[in-house]
Amino acid sequence: MKPSERNFARRIDLTSLQLFVAVCELGSIGRAAEREFIAASAVSKRLSDLEATLGAPLLYRHTRGVDLTPAGESLLHHARSVLFSLEKMQGELSEYADGVRGHVRVHASISAIVQFLPEDLGAFIRQHGEVKIDLEEHLSSEVVRAVQEGAADLGICNASAQATPASGNLQARPYRQDRLVLIVPRGHALAAQGPIPFEASLDYDQVGLHANSSIYLAMRQAAAQQGRTIRLRIHVTGLDAMCRMIHNGLGLGVMPQRAFELMHGVGDLEAVTLTDDWARRQLQLVARDFSSLPVTARLLVDHLATNTTPA
């Protein structure tokens, strides 16, 4: 941090930021003062000092209240972000006082979350009850980006996403393997043919996952290699929604076999094995540097890395 940046950070008062946000939310210095239990003149003085520190007017003051200047709109965005981060920091630190000894942020794809992570994370927490795990579901490409940008300590995603230029210099370790299958209504003509290539399904309508999901991208690439396009009927964001759509005749779909088996009862459906190479996938653990992860994160990586056998 440059000296000028350090001086700027020291001049910014968090209480003034809180009061500024309150004034913006209520549209009045007087109402903000009442809500925050402080004199209106004190609020006005803090806002004036904040404007002097930033070197720009933040509010248009008039008899009906206040409006934001362009500089004020920018500050409001950043102030909310800073205050939210402080609240999150306070929440996490308070957990240490309650006995939590570690905190790991994990972003994972829907395939990993549905198929493997409930059991794997449950087993880890039973051994390390003092560790808190924040798990968020994202597309594989977004998982890679979150780890790259430091928003997540550990990512779990399809290996194809980790191989993209956006992954930078991330490190990867194998986690699990899965197999994609074609889901069809029970008694469908394709079910009687046994294992089939994906191209055999291109004559039928499809129910696809999110357009940027690794599964849908693989489907689209496979169709393009055959000079075909996917007859997409609808995009869904969840595997259970896909099963219900297929059950009700809206098309066929591709999902991991284990995920389908775990959702038994969601529609009268059956799975058809796909013979394509891309239907066998490797899920990976990704981090910027496994060796520099906090101790609790390394414990989780070691636990997950033991589950490298095929599904």
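See above for the structure.
Everything numeric here is computed off the predicted structure, so don't read it as measured data.

> Any chance you could break down the overall build of the protein for me, citing the residues and the numbers?
Helix and strand content of the protein: 13 helices and 11 strands. The globule rule puts the C-alpha radius of gyration for 311 residues at 19 Å, and the 26 Å found for the protein is more than 25% above it. Overall size of the protein, expressed as C-alpha extent along the three principal axes, is 80 × 45 × 35 Å. Residues classed as buried in the protein amount to 41% of the 311 residues present. A fraction of 72% describes how many contacts in the protein between residues 6 or more apart in sequence connect residues 24 or more apart. When the accessible surface of the protein is totalled, it reaches about 16,300 Å², and 51% of it is carbon and sulfur. Distance from the positive charge centre (31 side chains) to the negative charge centre (34 side chains) of the protein: 4 Å.

> How would you explain the pairing of strand S11 (residues 280-287) if you had to name every residue and give the values?
In terms of burial, S11 is largely enclosed, as 6 of its 8 residues are buried. Pairing geometry for strand S5 (residues 154-158) and S11, over 4 bridges, is antiparallel. Looking at the pairing, Ile156 lines up with Leu285 of S11. Alignment of strand S6 (residues 171-185) against S11, held across 8 bridges, turns out to be antiparallel. Residue pairing across strands places Gln171 opposite Ala287, the latter belonging to S11.

> Give a detailed account of the packing of helix H2 (residues 14-26) against helix H3 (residues 29-36), specifying residues and quantitative values.
At a minimum axis separation of 8 Å, H2 and H3 run at an interaxial angle of 120°. Taken together, the axes of H2 and H3 are oblique relative to one another. Relative to H3, H2 is oriented so that their crossing is right-handed. On H3, the residues touching Leu19, Ala22, Val23, Glu25 and Leu26 of H2 are Ile29, Arg31, Ala32, Arg35 and Glu36. When grouped by side-chain class, the residues that make up the contact of H2 with H3 number 6 nonpolar, no polar and 4 charged.

> Which residues make up the pattern of salt bridges, and what values do they have?
What the rule picks out here adds up to 14 salt bridges. Residue Glu51 is joined to Arg61 by a salt bridge in which the shortest nitrogen-to-oxygen separation is 3.4 Å. Taken together, the residues span a long stretch of sequence, with Glu51 in helix H4 (residues 40-54) and Arg61 in strand S1 (residues 59-62) at a distance of 10 residues. Taking the relative accessible area as the measure of exposure, Glu51 reaches 14% and is therefore buried. Residue Asp153 is joined to Arg105 by a salt bridge in which the shortest nitrogen-to-oxygen separation is 2.9 Å. Here the residue Asp153 occupies a position in the loop between helix H8 (140-149) and S5, and Arg105 occupies one in strand S3 (residues 102-108), the gap between them amounting to 48 residues.

> Before we move on, could you go through H3 and cite the residues and values that matter?
Because an α-helix packs 3.6 residues into every turn, residues spaced three or four apart end up facing the same way. Within the span of H3, buried status applies to Ile29, Ala32 and Ala33. Down the axis of H3, the smallest arc covering the buried residues is 100°, so these residues share one side. Residues of H3 that are buried make contact with H2, H4, S1 and strand S2 (65-68). Two to three positions downstream of the cap, the backbone nitrogen of Gly30 sits 3.2 Å from a side-chain oxygen, assigning the N-cap of H3 to Ser28.

> Describe the packing of helix H7 (residues 117-127) against helix H13 (residues 295-305), with residues and values.
The contact between H7 and H13 brings their axes to 10 Å, and the two run at 130°. Relative to H13, H7 is oriented oblique. Where H7 crosses over H13, the two elements pack in a sense that is right-handed. Together, Leu117, Asp120, Leu121, Ala123, Phe124 and Gln127 of H7 and Thr296, Leu299, Leu300, His303 and Leu304 of H13 make up the contact between the two elements. Looking at side-chain class alone, the contact of H7 with H13 contains 7 nonpolar, 3 polar and 1 charged residues.

> Before we move on, could you go through the environment of Leu283 and cite the residues and values that matter?
One can find Leu283 in strand S11. Spatially, the C-alpha atom of Leu283 lies 30 Å from that of Asp203, the residues being 80 residues apart in sequence. In contact with Leu283, not counting residues within four places along its chain, are Ala112, Phe116, Cys157, Asn158, Pro174, Tyr175, Arg176 and Asp178.

The rules behind each value
- Every residue gets a number counted from 1 within its own chain, in the order that chain's sequence is written.
- At least 70 in pLDDT is required for a residue's local features to be given in this predicted model, at least 80 for side-chain atom pairs to be given and counted, and no such filter applies to totals for whole chains, interfaces and linings, which use all residues.
- Hydrogens and water molecules were not included; the side-chain quantities draw on all heavy atoms of the structure.
- In this text, helices come from DSSP runs of H or I with a minimum length of four residues, and strands from runs of E with a minimum of two, each type numbered from the N-terminal end.
- Within these notes, the globule rule equals 2.2 Å times the number of residues to the 0.38 power, and the radius of gyration is based on C-alpha atoms.
- Working definition: with a 1.4 Å probe on protein chains only, accessible area under 20% of the residue-type maximum means buried, over 50% means exposed, and in between means partly exposed.
- By the convention used here, residues are in contact when the closest approach between their heavy atoms is within 4.5 Å.
- Accessibility throughout is a Shrake-Rupley quantity obtained with a 1.4 Å probe, and a residue counts as covered only by protein chains that appear here.
- His residues and chain termini do not enter the charge count, which takes Lys and Arg as positive and Asp and Glu as negative.
- One atom stands in for each charge, and that atom is NZ of Lys, CZ of Arg, CG of Asp or CD of Glu.
- Whether two strands pair comes down to DSSP finding at least two bridges between them.
- To obtain each axis, a line is fitted to C-alpha atoms, and for helices this fit is confined to the stretch in contact; angles are then taken between N-to-C directions over 0 to 180 degrees.
- Angles below 35 degrees are treated as roughly parallel, those above 145 as roughly antiparallel, those between 65 and 115 as roughly perpendicular, and all remaining angles as oblique.
- When the near helix sits turned anticlockwise from the far one by under a right angle, the crossing is termed left-handed; a clockwise turn instead gives a right-handed crossing.
- For this classification, Asp, Glu, Lys and Arg are treated as charged, while Ala, Val, Leu, Ile, Met, Phe, Trp, Tyr, Cys and Pro are nonpolar and the rest, including Gly, are polar.
- We define a salt bridge as a contact between a side-chain nitrogen of Lys or Arg and a carboxyl oxygen of Asp or Glu at a distance within 4 Å.
- What the arc covers is the set of directions going from the helix axis to the C-beta atoms.
- A 3.5 Å cut-off defines polar contacts: any pair of N or O atoms within that distance qualifies, except that in protein one atom must be a possible hydrogen donor and the other a possible acceptor, and neighbouring residues in sequence count only when both atoms are side-chain atoms.

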